[in-house]
Amino acid sequence: MNRRFQDAAKFFAGVAASETFSHWMLGLWGQNLFPMKFLGITFTEHFNWIAMAAWPFVFAVCAYLGWWRGESEDDTRSLTRPAIGGA
């Protein structure tokens, strides 16, 4: 897998982890804040319940792609191959 793709997946795993934590905190202790309006979108308690279910899934997929998916043979072989022309 491309190293840049893995790094992007790690970045988005961090974003998804932040969103997961935020929506769970809103769900547990922020019921009195709903409905709230942000950038012209009205967020309701129902919308937050959907986000509480969706963001952990996004986090799990990004974390799998960023850290736990094994590297292919070509990726690991290029790290151990000596440089062309000596040293």
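Residues numbered from 1 in each chain as written. Predicted model: local features only at pLDDT ≥ 70, side-chain atom pairs only at ≥ 80, totals over all residues. Heavy atoms only, no water.

Undergrad: Just give me the short version of the packing of helix α1 (residues 3-29) against helix α2 (residues 45-68), but keep the residues and values in it.
TA: Two numbers describe how α1 lies on α2: the axes approach to 7 Å, and their chain directions differ by 155°. Judged by the inter-axis angle, α1 sits roughly antiparallel to α2. When the axes of α1 and α2 are compared, the crossing they make is left-handed. Residue composition of the contact of α1 with α2, by class: 18 nonpolar, 6 polar and 2 charged. (Axes fitted to C-alpha atoms, helices over the stretch in contact; angles between N-to-C directions. Helix = DSSP H or I, 4+ residues; strand = E, 2+ residues; numbered from the N terminus. Parallel < 35°, antiparallel > 145°, perpendicular 65-115°, else oblique. Left-handed = near helix turned anticlockwise from the far one by under 90°. Nonpolar A, V, L, I, M, F, W, Y, C, P; charged D, E, K, R; others polar.)

Undergrad: I'd like a rundown of a nonpolar patch on the surface, residues and numbers included.
TA: A cluster of nonpolar residues, F11, F12 and V15, forms a patch on the protein surface that exposes about 300 Å² of accessible area. Considering the arrangement of structural elements, one finds F12 in helix α1. (Patch = residues over 30% accessible without salt bridge, like charges linked within 9 Å, V, L, I, M, F, W, Y side chains within 5 Å. Areas by Shrake-Rupley, 256 points an atom, 1.4 Å probe, with all protein chains shown as cover. Salt bridge = Lys/Arg side-chain N within 4 Å of Asp/Glu carboxyl O.)

Undergrad: Describe unusual backbone geometry, and please don't skip the residues or the numbers.
TA: Of note, the bond from F34 into P35 is cis; its omega dihedral lies within 30 degrees of zero at -5°. Looking at the element boundaries, P35 is found in the loop between α1 and β1 (36-38). Despite not being glycine, L39 shows a phi value in the positive range, around 55°. Looking at the secondary structure, you find L39 in the loop between β1 and β2 (41-43). Of the residues examined, L39 reaches a relative accessible area of 74% and is grouped as exposed. (Buried < 20%, exposed > 50% of the residue type's maximum accessible area, 1.4 Å probe, protein only.)

Undergrad: Summarise the side chain of H23; cite the residues concerned and give the values.
TA: Mapped onto the elements of the fold, H23 is located in helix α1. Excluding anything up to four places from it in sequence, H23 contacts N48, A51, M52 and W55. (Contact = heavy atoms within 4.5 Å.)

Undergrad: Lay out α2 in plain terms, naming residues and giving numbers.
TA: For α2, which comprises 24 residues, the first-to-last C-alpha distance of 33 Å matches the rise-based estimate of 34 Å (1.5 Å per residue) to within 8%. Within the sequence span of α2, burial applies to N48, A51, M52, C62, A63 and G66. (Expected span 1.5 Å × (residues − 1).)

Undergrad: Tell me what's going on with the confidence of the model for the chain, and back it up with residues and numbers.
TA: Counting all residues, the mean pLDDT for the chain is 85, and 78% of those residues have values of 70 or more. Mean pLDDT per element in the chain: helix α3 (residues 73-80) is the minimum at 52, and α2 is the maximum at 95. (pLDDT = per-residue confidence, 0-100.)

Undergrad: How would you summarise α1 if you had to cite specific residues and measurements?
TA: An ideal rise of 1.5 Å per residue puts 39 Å on 27 residues; α1 measures up with 39 Å between its terminal C-alpha atoms. Those residues of α1 not exposed but buried are Q6, A9, A13, A16, T20, H23 and G27. Of the surrounding elements, those touching the buried residues of α1 are α2. A distance of 3.2 Å separates the backbone nitrogen of R4 from a side-chain oxygen at the start of α1, and that oxygen is part of N2. (Polar contact = N/O pair within 3.5 Å; in protein donor to acceptor, adjacent residues only side chain to side chain.)

Undergrad: Tell me what's going on with the environment of G27, and back it up with residues and numbers.
TA: Relative to the assigned elements, G27 resides in helix α1. Along the backbone, G27 and M52 are 25 residues apart, and their C-alpha atoms lie at a distance of 7.7 Å.

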